[in-house]
Structure formats: C-alpha cells, structure tokens
Amino acid sequence: MARWCYRHRLVVLILWVGALLGLGFAGSAAGTNYADTFTLPNTDSTRAYDLMEKAFPERSGDTDTVVWKVDGGTARDASVRSRIEPALEEIGRMKGVGEVSSPYAAQGASQISGNGRIAYAQITFTEQANGVPKALVEDVVDTAQDAERAGLQVELGGQAITRTQEPPTGIAEMVGILAAAVVLFLAFGSLFAMLLPLVVAVAALGTGLMATSLLSHVTDVPEVAPLLGSLIGLGVGIDYALFIVTRHRRGILRGMEPEESAVTALNTSGRAVLFAGGTVCIALAGMLVMNMRFLDGVVVATSLTVVLSVLAATTLLPALLGLLGMRVLSRKQRRRLAAEGPESEEASGLAARWSAFVQKRPRSIAAGAFLVMMVLALPVLSIRLGATDQGNHQDSTTTRQAYDLLAEGFGPGFNGPLQVVVDGEDKAGTDALVSTIRSTDGVAQVAAAPPARGITVIQVVPTTSPQSERTDQLIDRLRDDVIPESGAKAHVGGVTAVFKDFAAVTGERLPYFVAAIISLGFLLLMVAFRSLVVPLTAALMNLIAAAASFGVLVAIFQWGWGTELLGIGKEGPITAFLPVIMLSLLFGLSMDYQVFLVSRMHEEWVHTKDNARAVRVGLAETSRVINCAALIMICVFSAFVLSGDMEGAMAGIGLAAAVALDAFILRTALVPAAMHLLGNSNWWLPAGLEKRLPHLAVEPREETADSPHARVPDAETGTGTGTGVGSGTDGGSTVIHGFVRTPDGAPVEGAALTLLSKGGRQLDRVTSLADGSYIVSVPSAGSYLLAVTAQEHPSRARHVMVGAEPLVYDVELAEDEVDAVN
C-alpha cells in the first residue's frame, strides 16, 4: 500500500482534499448537536431528574442570571430601578428570549437579598445554551452592563453567558501547532520535513472533527468530546508522522533511494504506528467498561480521531513523501550525502553517552527516578472528585463576579440548590418533609413548588457551596436519614447531586476500568515481546506515571498551586469524568513509547542474547525520537490551557505532565535502569506459554539473525561494539569483491563502499585500495544495496543479488552513474 500511495500520490492527495472539503461542507450545513448527558442509570439523582421531566415537560431553554449590587442604599431605590428595569424590558423584547423574571415583579421579593443591596433577575432563552446565538448573548450582556453606573455593579452568569468569554475557536490548536512546528524544525533542520507531520495531523484532525460533528446528530456526543478529540488527535497525529518521517530520512541518509526508503519506513515504523494506534483505541474503548452514557460519545470522538491519524500517516504521508523526494532532507544534509556518501550506522552523541551512563549506574538512577515519581504522586492521596462551575472561573470574568455576588447576597449554597422531588400527592407528608428538611443541619432555605402531575419539587439551598464536602454530606444525610424517616417517596436531584453521584460511580468502577486496560496492555506486550517481565514492568510504570500525573493535577487544580498564574481560575475538585479519560489516553500513549523503546531492545536481544547491550542500544537509538515526540505532545497538550474550558485545561495540563514524566523519567531512566538490574530475566517466558502464544511482530525483521547491528559506545570502554559480519556460526556469510575504476580504466583509491540491507541498516563499510580493489562482507545470501562514494564523483547506489558464493562486482564511476561491468 505504501508503494501504491507513493507512486499514485496525486490520487491520494485528491482523495484526502475531497474528504476534507466534503466533510467540511456537510458539517457546516448540518451544524452540531452536542448533548451533555451526565445522568447515570440506577442513581438517586437520575430518578429525581426523570420525575421532574415527567412533571414539567414544557420547561426548556437555558436560564441565565443578571445580578446587580449597590454600594449605598438598596436595590429597591428608584434610582436603581430606573436603570435596571428598562434594561430588563429591552432584553425581554429580544428575539430568542422567552421570559425575564424581575425582582421588581409582584412575586419577585425573594430575588432581593436580606440587606437589600444585591438582587438578581433570571433570563430564560428559548433554546438550550448551545443553541442560543452568540450574537444574542452578547446583546444581552451589553444591554445589562450598560445599566452600570458609579455605585451600581452589574454582572451576568449562566451557561450561555459563559460562551461570550471563550477565546476564539481553534486558538489552543493553533498555539499547539506552532509550538510543535518549532520543535520539528529544530529536530529536522528542514522546512519541508517540519511541515510533513503538521499537514498529516491537521488533515486527520479536520476530518475527525467534522465527522464527530456529524455523528452528534445520530448519537449523544458531549460538548467536551471534540475538544478532547483535538487534544489527542493533534498529539498522536504529529507523533505518528514524526516516527515515520524520521525512519524515512534515516534510510535516505544511509544510501537508499527515496521510494525504497519510504516503503521501508512504512513497512517498519508504519507497522509500529498501526500497533500503537490500535493500543490507544483499545485503551479508549476501555472507558466503555464504566457503563456511563456520557463517556460513550467521548470514546467515539477520540477513537475516530486516532483512527484517522493512523490512516493519514499510512496513506497521506507516503504520498507527500513522494512529492518531496530528496527535499525531505535539508540542503546541508543533501550536500553532505553527495560529498561523503551514506552516513555511519554508529549511534553517538548525548543519547549514546546517557545510555552508557545508565548501564554503569542502574541502581542509583532507578532509585532517584522512583523517588521523584513518588514525591510527585503524594498529592493524589487527597484527590477529591466533583464538578467545576462558574465559581472556578477567573476573577476578572463576569460569570465569576455574578457567582460571588449571589453567594454574598443569598448564601454560598444558592449557586447549587438541591431539588428533593416527591412522588405522590400526600400534602401532609410533603409538608412534614419540608419541615424536617428545614430543621436539618446544613440547610439554609427550603421552598416547595406547587405540585404538578402528582409530583412536588422542594428546592433546598445548602449553607455551603456546591463544591464543599459538607454539601456532599448534606446530600447523604437527606438520602440516608431525613427522607427514609419521613416515609415519603422522594429523591434528591439537581446539578450538585448529579455530579456527586457521577463522582461516586466513577470511584466505584475505576478499579475495574484500570484492571481491564492494564490486563489488555499486558497481554499485547507479552505477545509482541515474548516476555512476562517486560509487560509487567510496563504495567507498573504506567501506574506510577498515572499516580504522579494525578499528583501534579491535584496540586495545581485542587490545591491551587499556580492556577491564577496559569490563567485557569480558582481551585476546586477534579472533574469526575477526567480520571477515566486521562487514564485511557495516558495508558495508550505510554504503550506507544513502550513499544517504540522495547521493540528496538527486543530486536537486539533476539540477535545477540546480550541484555546489557540490548538495553543500551535500544535506549541510545530510540530515546531521541521518543523525547522529541514527547516534547511535541507536551507543547500541544499544554496549549489547551488557552481553550477557555476548565476540563480542557485540566486534561491538557494533566496529560502534558504525564507525557513529560513518562518520556523523560520513566522511559529514559527508570525503565532502562530496571531492565539492566533484571538482566536476562527481562525476556523470560515459560516454554509452554511460548508454544501457545500467537506471533505478533511489531516490526518485520530486516535481515538475518547474524547480521551486524548498531555500534553503540560500550559502557566500560567507550568503544563501538557490534556483532560483526560473518560472526555467526552457520556458515552463511559471504563477500562481494571487485574493483572501482573510472571509464578509462584508471583505479579509484579511497572510494567508500557501503553495504546496506533492504531495511536501510548498514552492514559493512570499506575503502578501496590503491589498485581500486575492495572486499565487502555479506552476512548471507539475499538482496542488498551497494552505495559508492568518491571524491570528484557523484554518489550512486545499486541493488545487488548475492548468492551462496562470493560475488564479483566491478564498479565504474562515471559523471552521471555507477554501472556494473561484470
């Protein structure tokens, strides 16, 4: 498929552009129909909600609040009414506003605070918050705030009002893309190579978001789903393309033709991307174990974006590679390739030095990394799940100001009243229940609405805020003691009760969810790497990473360490559904890094049976690309602090912390140090289990088992080590020999001849002697690439077929080609 996409690149590009335009047009025409359904089956708040829907089916539309406060006098003064009443009347005449309940109406006395300085009016729109035109909401805000004067403060709160404070759509994505572009340019040094992962990720993200908006018309997709889809889609889309482009560039630098390099990259790293994408989707699908209707739409949106990211990386990317050809390298790299020939296989630089250092001091590095993770994980012991509200917005926002004014004037519990829904027409029993609730500790106000269809709603205002633990205790007291003792058939509902139930159900089901995704990940890694210890280590590391990342999340968002500095408002509980979503994404991404790291270690172990070398080589060759990929994800995730959404900011910061800790501490230090300490037991698998397990190759083997591998500085001597050509004992090694000459027959001394495998691995490298002769070692019969470079001659490469006997292969260096003249 990779070769077909490479050769038919215009067709592939047209198909992708057509898909983007088609989905974009359909999405714009259909609009969106996101629905936040937090209700849970078999919970008390859901039963209360169902009864209220039965009693008041005609109630619809979002209800928002206008709050005002006077510094002197009262809100009843004529000077205040003369400014507020005309504004409320004007708002009531706006198209899209259904009703305005004013404190100056006959039944509005309760809408003025006890000291008379704070009052509020409720505005009911004809549509839910998502359906209210933003222009209408802005007109309401402007009209209300135009009534302000010295000594009169006017603020507005509500879901629809919140939309006016949101930053422009896509700003978080754009900042993340720009940050990723900088990292990619520094990593590649080439503008075209930098653009490749970005184009692929944007194409996948665009189609994913448009498809999600269309799916919102046929299934319940929460409003936060596209935000989370953008967050994970942008991160994995760039990373998956990065892995493939890195492999492609390495192949070209080692002498392969661009087409062969692209096909090899897709056949190796592309397979790993398919495996990694599948594990992310499996981890996301683990959310279905929670049996929460709200999460189903999140699973659909995020999984769809990941699938499209994998599809773009395996189809659109090879087409783009075909368009660029050699331009995927920088000018400097192309000049050096032409002048010096294919680069050496030897791993060097900081990654190789760090890998050798880890091998020398595994105990101290493992202990230090573990200590850091445990310290960061300590705050997770005090985690409290709940819901964020407008009280968590920044101080400067009108919604936060309105929230605080209502709490000041009518009590902290006024922003999250409870609704005790009584099923039955026993007026005496209802009155008795109202009386009992009024005398209950923690209750500030109680008011019963007139019954409708045999159902009575009792509004209960707690003395504490919606996010207070004492409010949760009041809900438990009403359910466990007050209502049963009254004998009434009643249920406690309201937004505060819904989120409390949501948090309780999440806490109960979370262990099963974690067990499911860890078990599945364990099985996948066991099959892929033929080991029990490697997947067990990965599972433990994932749990450590999760604990540490949630510790960071608690410290920032629950304890308030830096929330105002980051511009994300006031501290509060961790959103109830966030642990499930974060754990799914975290386990999926951690599996990606584990696969890319351990697959290279496993390959080296299969060839050498030397655990120390396998770990050292695997870390040296993969740590740079893993760290680069992690840095991109950190930039993308952190940018979602700018999304204007508290849940998005929590997910972004949490995942950024998780990726940073996972890549820079776990995969770079703790995992390799632990594998050095465990030794050969890393690769232990009972013989009976080995026979029964299916074989799953993350990457195809590039050459035979006795072929040489990357030379990495030895931990003790600092010299390069390798298995060496012909070091195998099976007698399968042979040679290619001949002469390098010019067209007039003159010998060429000092010509560099490099033998490469079909996968781009350097097998041997020699220099021609004074008479032009050379001998290149070959591990076994097969097809290889022979690259030749000499001064004053252009670099050229040709495929050669080697049999069981030595191959005589003379090379003639001309100005435009390298020809065999056997």
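Note that this is a predicted model, so its numbers are computed, not measured.

**Student:** So what exactly am I meant to see when it comes to the overall build of the chain here?
**Tutor:** Counting its regular elements, the chain contains 24 helices and 21 strands. Counting only C-alpha atoms and orienting by the principal axes, one finds that the chain spans roughly 110 × 55 × 45 Å. Here the chain holds 822 residues, and the buried ones make up 56% of them. For the chain, the exposed area adds up to about 33600 Å²; of that, 57% sits on carbon and sulfur atoms.

**Student:** Sorry if this is basic, but what is going on with empty space enclosed by the protein here?
**Tutor:** Regions of empty space are outlined by a rolling probe, equal in size to a water molecule, passed over the atoms. One pass over the full model with this rule turns up 5 cavities of 30 Å³ or more. A volume near 70 Å³ is recorded for the second largest cavity. In terms of lining residues, the second largest cavity is bounded by Thr279, Ile282, Ala283, Ile517, Leu520, Gly521, Leu524, Phe587, Gly588 and Met591. In terms of residue count, helix H18 (residues 495-529) provides more of the lining of the second largest cavity than any other element does, 4 residues in total. Along the lines of polarity and charge, the residues of the lining of the second largest cavity split into 7 nonpolar, 3 polar and no charged.

**Student:** Would you explain the pattern of salt bridges in this entry?
**Tutor:** For side chains of opposite charge, pairing can occur when their charged atoms come near one another. In this structure the tally under the stated criterion is 13 salt bridges. When the shortest N-O distance is used, the salt bridge between Glu259 and Arg7 registers 2.6 Å. Linking Glu259 in helix H10 (residues 258-285) with Arg7 in helix H1 (residues 2-7), this pair joins segments that are 252 residues apart in sequence. According to the relative accessible area criterion, Arg7 is exposed, its value standing at 52%. Between Arg479 and Asp44 there is a salt bridge; the shortest N-O distance is 2.9 Å. On the criterion of sequence distance, the pair formed by Arg479 in helix H17 (residues 469-486) and Asp44 in helix H3 (residues 44-55) is long-range, its members being 435 residues apart. Pair check on accessibility: Arg479 and Asp44 agree, each one buried.

**Student:** For this particular structure, what's the right way to read the packing of helix H9 (residues 224-253) against helix H23 (residues 646-678)?
**Tutor:** Look at H9 against H23: their axes get within 10 Å of each other, and the N-to-C directions meet at 25 degrees. Between H9 and H23, the crossing angle belongs to the class labelled roughly parallel. When you trace H9 past H23, the crossing you get is right-handed. Residues Val224, Leu227, Leu228 and Leu231 of H9 pack against Glu647, Gly648, Ala651, Gly652 and Leu655 of H23. Tallied by class, residues from the contact of H9 with H23 come to 6 nonpolar, 2 polar and 1 charged.

**Student:** Would you explain the confidence of the model for the chain in this entry?
**Tutor:** Do not read the fine detail of predicted coordinates wherever pLDDT is low. When pLDDT is averaged across the chain, the result is 82; 91% of the residues are at 70 or more. In this model residues 702-731 is a low-confidence stretch, pLDDT under 50, and it forms 82 contacts with partners more than four residues away in sequence or in other chains. Across residues 817-822, where pLDDT falls below 50, the model places 18 contacts with residues more than four positions away in sequence or in other chains.

**Student:** What's the story with the environment of Phe513 in this structure? I'm lost.
**Tutor:** As for its placement among the helices and strands, Phe513 is situated in helix H18. Among the residues examined, Phe513 registers a relative accessible area of 0% and is labelled buried. Taking the C-alpha atoms as reference points, Phe513 and Val580, separated by 67 residues in sequence, lie 7.9 Å from one another. Once residues within four sequence positions are removed from consideration, Phe513 is found in contact with Ala283, Gly286, Met287, Val289, Met290, Val580, Leu583 and Ser584.

**Student:** In this structure, what is going on with the sheet that holds strand S8 (residues 455-462)? I would like to understand it.
**Tutor:** Strand order in the open sheet made by the 4 strands is S7-S8-S6-S9, with antiparallel pairing throughout. The open sheet has two free edges, formed respectively by strand S7 (443-448) and strand S9 (490-493), since each of these has just one partner strand. Along the sheet, successive strands turn relative to each other by an average axial angle of 20 degrees, direction set aside. Relative to S8, strand S6 (residues 418-423) is paired through 6 bridges, and the arrangement is antiparallel. Following the sheet pairing, Val422 is matched in S8 by Thr456.

**Student:** Sorry, what's going on with the sheet that holds strand S2 (residues 97-101) here?
**Tutor:** Each strand in a sheet pairs with another by means of backbone hydrogen bonds, the pair being arranged parallel or else antiparallel. Here we have 4 strands laid out as an open sheet, ordered S2-S3-S1-S4, and antiparallel in their pairing. Either end of the sheet is taken by a strand with one partner, and the two such strands are S2 and strand S4 (152-157). Taking each pair of neighbouring strands and ignoring which way they run, the sheet shows an average axis angle of 20 degrees. As paired strands, strand S1 (residues 63-70) and S4 are joined by 6 bridges and run antiparallel to one another. The residue bridging Val67 from the neighbouring strand is Glu155, located in S4. With respect to the sheet, helix H5 (residues 134-145) is in contact with S1, S2, strand S3 (118-125) and S4, its orientation differing from that of S4 by roughly 160 degrees.

**Student:** Hey, could you run me through H23 in this one?
**Tutor:** Taking the largest bend as the criterion, H23 deviates by roughly 50 degrees, centred on Leu666. With 29 of 33 residues buried, H23 lies mostly within the body of the structure. Following H23 by one or two positions, Gly679 has its phi on the positive side, about 65 degrees.

**Student:** Would you mind showing me how to read a nonpolar patch on the surface here?
**Tutor:** A contiguous nonpolar surface patch, about 640 Å² in accessible area, is contributed by Val182, Phe185, Leu186, Leu191, Phe192, Leu195 and Val199. For the nonpolar patch, the elements supplying multiple residues, two or more each, are helix H7 (171-188) and helix H8 (191-215). Summarising the element assignment, Phe185 is placed in helix H7. On the accessibility criterion, Phe185 (40% relative accessible area) is partly exposed.

**Student:** Whenever I open this one, the environment of Gly551 confuses me. Can you help?
**Tutor:** Tracing the backbone through its elements, the reader meets Gly551 in helix H19 (residues 533-558). Taking the C-alpha atoms as reference, Gly551 lies 8.7 Å from Val375; in sequence the two are 176 residues apart. In contact with Gly551, other than residues within four places in its own chain, are Leu376, Ala377, Pro379 and Val380.

Cut-off values and rules
Residues numbered from 1 in each chain as written. Predicted model: local features only at pLDDT ≥ 70, side-chain atom pairs only at ≥ 80, totals over all residues. Heavy atoms only, no water. Helix = DSSP H or I, 4+ residues; strand = E, 2+ residues; numbered from the N terminus. Buried < 20%, exposed > 50% of the residue type's maximum accessible area, 1.4 Å probe, protein only. Areas by Shrake-Rupley, 256 points an atom, 1.4 Å probe, with all protein chains shown as cover. 1 Å grid on protein atoms, 1.4 Å probe; cavity = no way out; pocket = protein on both sides within 12 Å on 5 of 7 lines; lining within 4 Å. Points joined across faces, edges and corners; volume = space filled by probe spheres on them. Nonpolar A, V, L, I, M, F, W, Y, C, P; charged D, E, K, R; others polar. Salt bridge = Lys/Arg side-chain N within 4 Å of Asp/Glu carboxyl O. Axes fitted to C-alpha atoms, helices over the stretch in contact; angles between N-to-C directions. Parallel < 35°, antiparallel > 145°, perpendicular 65-115°, else oblique. Left-handed = near helix turned anticlockwise from the far one by under 90°. Contact = heavy atoms within 4.5 Å. pLDDT = per-residue confidence, 0-100. Pairing = 2+ DSSP bridges. Bend = angle between axes of the 7 residues up to and from the residue. Patch = residues over 30% accessible without salt bridge, like charges linked within 9 Å, V, L, I, M, F, W, Y side chains within 5 Å.

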